[in-house]
Amino acid sequence: MINQVSYDIETIDGMRHITITPVISPISGGIFYATGVFKLNDGVVGMGDITFDEQMEDWEYDGIDALTLDEAGEIAEFIRNYKDPEGADPSLL
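Residues numbered from 1 in each chain as written. Predicted model: local features only at pLDDT ≥ 70, side-chain atom pairs only at ≥ 80, totals over all residues. Heavy atoms only, no water.

### Regarding the packing of aromatic side chains
Two measures describe an aromatic ring pair: the distance that separates the ring centres and the angle between the ring planes. Taken as a whole and assessed by the stated rule, the structure comprises 3 aromatic pairs. Of the aromatic side chains, those joined through ring pairs into one cluster are Tyr7, Phe78 and Tyr82. (Phe/Tyr/Trp six-rings, centres within 6.5 Å; stacked < 30°, edge-to-face > 60°.)

### Focus on the side chain of Asp49
Locating Asp49 in the fold gives a position in strand E4 (residues 45–52). Contact partners of Asp49, with chain neighbours within four places excluded, come to Val37, Phe38, Lys39, Glu60, Tyr61 and Asp62. (Helix = DSSP H or I, 4+ residues; strand = E, 2+ residues; numbered from the N terminus. Contact = heavy atoms within 4.5 Å.)

### As for the pattern of salt bridges
Taken as a whole and assessed by the stated rule, the structure comprises 3 salt bridges. Its salt-bridge partner being Lys39, residue Asp49 comes within 3.5 Å of it at the nearest N-O pair. Placement of Asp49 in strand E4 and of Lys39 in strand E3 (residues 31–42) is noted, with a sequence separation of 10 residues between them. On the basis of relative accessibility, which here comes to 16%, the residue Asp49 falls in the buried class. A residue is classified by how much of its surface remains accessible, and Lys39, at 39% relative accessible area, is partly exposed. Between Arg80 and Glu77 there is a salt bridge, with the nearest N and O atoms lying 2.5 Å from each other. A residue pair is termed a helical-turn pair when its members lie 3 or 4 positions apart in one helix, as Arg80 and Glu77 do in helix H1 (residues 69–81) at 3 residues. (Salt bridge = Lys/Arg side-chain N within 4 Å of Asp/Glu carboxyl O. Buried < 20%, exposed > 50% of the residue type's maximum accessible area, 1.4 Å probe, protein only.)

### Overview of the nonpolar core
Judged by nonpolar contacts, the single largest core of 18 residues is most densely connected at Ile20, Leu40, Ile50, Tyr61, Ile75 and Ile79. Element by element, the count of residues in this core is highest for H1, at 4 residues. Leaving out residues up to four positions away in the same chain, Ile75 has contacts with Tyr7, Ile9, Ile18, Ile20, Leu40, Ile50 and Leu67. (Core = buried A, V, L, I, M, F, W, Y, C linked by side-chain atoms within 4.5 Å.)

### Considering a negative patch on the surface
Taken together, the side chains of Glu57, Asp58, Glu60 and Asp62 define an acidic patch exposed on the protein surface. Residue position: Glu57 is located in the loop between E4 and strand E5 (59–61). (Patch = residues over 30% accessible without salt bridge, like charges linked within 9 Å, V, L, I, M, F, W, Y side chains within 5 Å. Areas by Shrake-Rupley, 256 points an atom, 1.4 Å probe, with all protein chains shown as cover. Lys, Arg positive; Asp, Glu negative; His and termini not counted. Charge placed at Lys NZ, Arg CZ, Asp CG, Glu CD.)

### What to know about the pairing of E4
The side chains of a regular strand alternate, first on one face of the sheet and then on the other. The sheet contact formed by E3 and E4 spans 5 bridges and is antiparallel. Opposite Val37, over in E4, you have Thr51 as the bridge partner. Count of turn residues in the E3/E4 antiparallel hairpin: 2 residues, of which Gly43 carries a positive phi of about 70 degrees. Sheet topology note: the E4/E5 ladder contains 3 bridges and is antiparallel. Directly across from Thr51, in E5, lies its bridge partner Glu60. Taking the residues between adjacent antiparallel strands as the criterion, E4 and E5 are bridged by 6 residues, where Met56 takes a positive phi near 60 degrees. (Pairing = 2+ DSSP bridges.)

Now the structure itself:
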């Protein structure tokens, strides 16, 4: 995932519209490095981060009571399977 995306999820607190923002770091030569960290927000409210290992297999969620483990797992699965649209540009973040 290069650019931020939205994801709607039904939680125990009702429907939430989550914005998922990948943390991408520029490195020398105009290259971007995907850190495996994805920030979650519901509007202006931060909901924590989902952090993947290098293979995008295992993940951790650091939000406190914002989402259940199952809800975070649903979002992690969405992130894992997400395909960027053609021409996505990390410099637009």
